[in-house]
Structures are given as structure tokens and as C-alpha cells.
Amino acid sequence: MKHIVLKSLSPKPLLLCAVMAFSNSVYSASWISTPSRTTVGSDIEIQGGGVPNSTQILIKAYSKHGDVLFQSSLISNSDGTFSDSTTLDAPGEVTFVSTVNNIEASSVSLVMENE
């Protein structure tokens, strides 16, 4: 096993170089959020984040039976967030899935009949 020994007269410049070298590739896990309940025909706000800036995101909404109810492709903002909206015309449990670089995040909404 090889050992690497880094020597510096002051630990601060060495630490600063290490942070700078890795700062462009570090981001948190991606996430997506939708309302837990909504009604048929209402706007459904889809929000997410934790992705690299200017990255393509694919959002799909699936019925309980696996049918695609909605699909959208967009680019994340400079802060790694994204948003979209849709309306659905049928009641039921809907799973929204965002895909970024083959990594998925999901959120479930219950779409109910209007009262």
C-alpha cells in the first residue's frame, strides 16, 4: 500500500487547495416535491433540487398502473433547483419521478375528484 504524505508550512493553504479542487463536483442528493393531495384539473407544482446547475432533467408522472400521464424535459437553474407544473384530468395515485444523470427521485400525489 502506498502512502501519500503532504507537507506544508501552514495547514491553511493546503486545505484551501483541497477545497478548491473538489468544489465544482460536490452537490447534494437530488430531490423532487409535489403536493400530497390535489384535485382533478388543479395546477400541480413540481419542485426539485440538489442537482448540478444547467443539467437536463426528465420529469415523468406515472399512474398506479404504470401509464405515463405527464412528461417534461427541462434544465436546472444555476443553484441546482428546478420547477414545473401540470394538471391531471383523472383521479388516482400519481408518482412523479425526476431523472438526472440516471439517478431518480420520486414524490407521490393523490389526485382526487372535485367536491
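Residues numbered from 1 in each chain as written. Predicted model: local features only at pLDDT ≥ 70, side-chain atom pairs only at ≥ 80, totals over all residues. Heavy atoms only, no water.

K.L.:
For this particular structure, what's the right way to read unusual backbone geometry?
P.N.:
Peptide bonds are trans in most cases, and residues, glycine excluded, mostly fall at negative phi. The phi torsion at Asn101 lies on the positive side, around 50°, for a residue other than glycine. Among the secondary structure elements, Asn101 is positioned in the loop between strand E7 (92–100) and strand E8 (103–112). Positive phi is not limited to glycine here, since Asn102 has a value of about 65°. (Helix = DSSP H or I, 4+ residues; strand = E, 2+ residues; numbered from the N terminus.)

K.L.:
What exactly am I supposed to notice about the nonpolar core here?
P.N.:
The nonpolar side chains of soluble globular proteins are, as a tendency, buried together. Counting 17 residues, the largest nonpolar core has Ile57, Ile59 and Phe96 as the members making the most contacts within it. Mapped by element, the contributors of at least two residues to this core are strand E3 (44–49), strand E4 (56–62), strand E5 (68–75), E7 and E8. When residues no more than four places from it in sequence are discounted, the contact partners of Phe96 are Ile32, Thr34, Ile44, Ile46, Lys60, Ala61, Thr86, Leu88, Ala105, Ser106, Ser107 and Ser109. (Core = buried A, V, L, I, M, F, W, Y, C linked by side-chain atoms within 4.5 Å. Buried < 20%, exposed > 50% of the residue type's maximum accessible area, 1.4 Å probe, protein only. Contact = heavy atoms within 4.5 Å.)

K.L.:
Can you walk me through the sheet that holds strand E6 (residues 82–86) in this structure?
P.N.:
The strands making up a sheet are joined through hydrogen bonds of the backbone, oriented either antiparallel or parallel. Spatially, the three strands line up as an open sheet ordered E1-E3-E6, and their pairing is antiparallel. Of all the strands in the sheet, just strand E1 (31–33) and E6 have a single pairing partner and so form its edges. Direction aside, the axes of adjacent strands within the sheet are offset by 20° on average. The pairing of E1 with E3 spans three bridges and is antiparallel. (Pairing = 2+ DSSP bridges. Axes fitted to C-alpha atoms, helices over the stretch in contact; angles between N-to-C directions.)

K.L.:
Could you clarify how one ought to interpret the pairing of E8 in this entry?
P.N.:
Remember that side chains alternate between the two faces of the sheet whenever the strand is regular. With three bridges joining them, strand E2 (residues 37–39) and E8 adopt parallel strand pairing. Within E8, the position partnered with Arg37 by the bridge is Leu110. In terms of strand pairing, E7 meets E8 through nine bridges, oriented antiparallel. By the bridge assignment, Glu93 is partnered in E8 with Leu110. In textbook terms, the turn of a hairpin is the stretch between consecutive antiparallel strands, and for E7 and E8 this stretch comprises two residues, one of which, Asn101, has a positive phi near 50°.

K.L.:
It is not clear to me how the side chain of Ser72 should be interpreted in this structure. Could you clarify?
P.N.:
Turning to its location among the elements, Ser72 is positioned in strand E5. Of note is the side chain of Ser72, whose polar atom sits 2.5 Å from the side chain of Asp84. Ignoring sequence-local partners within four residues, the contact set of Ser72 consists of Ile57, Leu58, Ile59 and Asp84. (Polar contact = N/O pair within 3.5 Å; in protein donor to acceptor, adjacent residues only side chain to side chain.)

K.L.:
What am I meant to see in the pairing of E4 here?
P.N.:
Side chains Ile57, Ile59 and Ala61 project from E4 onto a buried face, and the interleaved Gln56, Leu58, Lys60 and Tyr62 project onto a face without burial. In this sheet, E5 lies alongside E4 in antiparallel orientation, the contact comprising seven bridges. The partner of Leu58 across the bridge, within E5, is Ser73. Where E4 folds back on E5, the antiparallel hairpin that results is connected by five residues, among which Gly66 adopts a positive phi of roughly 90°.

K.L.:
Looking at this structure, how should I read the sheet that holds E8?
P.N.:
Spatially, E2-E8-E7-E4-E5 is the arrangement adopted by the five strands of the open sheet, whose pairing is mixed. The open sheet is flanked by E2 and E5, the only strands paired with a single partner. Sheet twist, expressed as the mean angle between neighbouring strand axes with direction ignored, is 25°.

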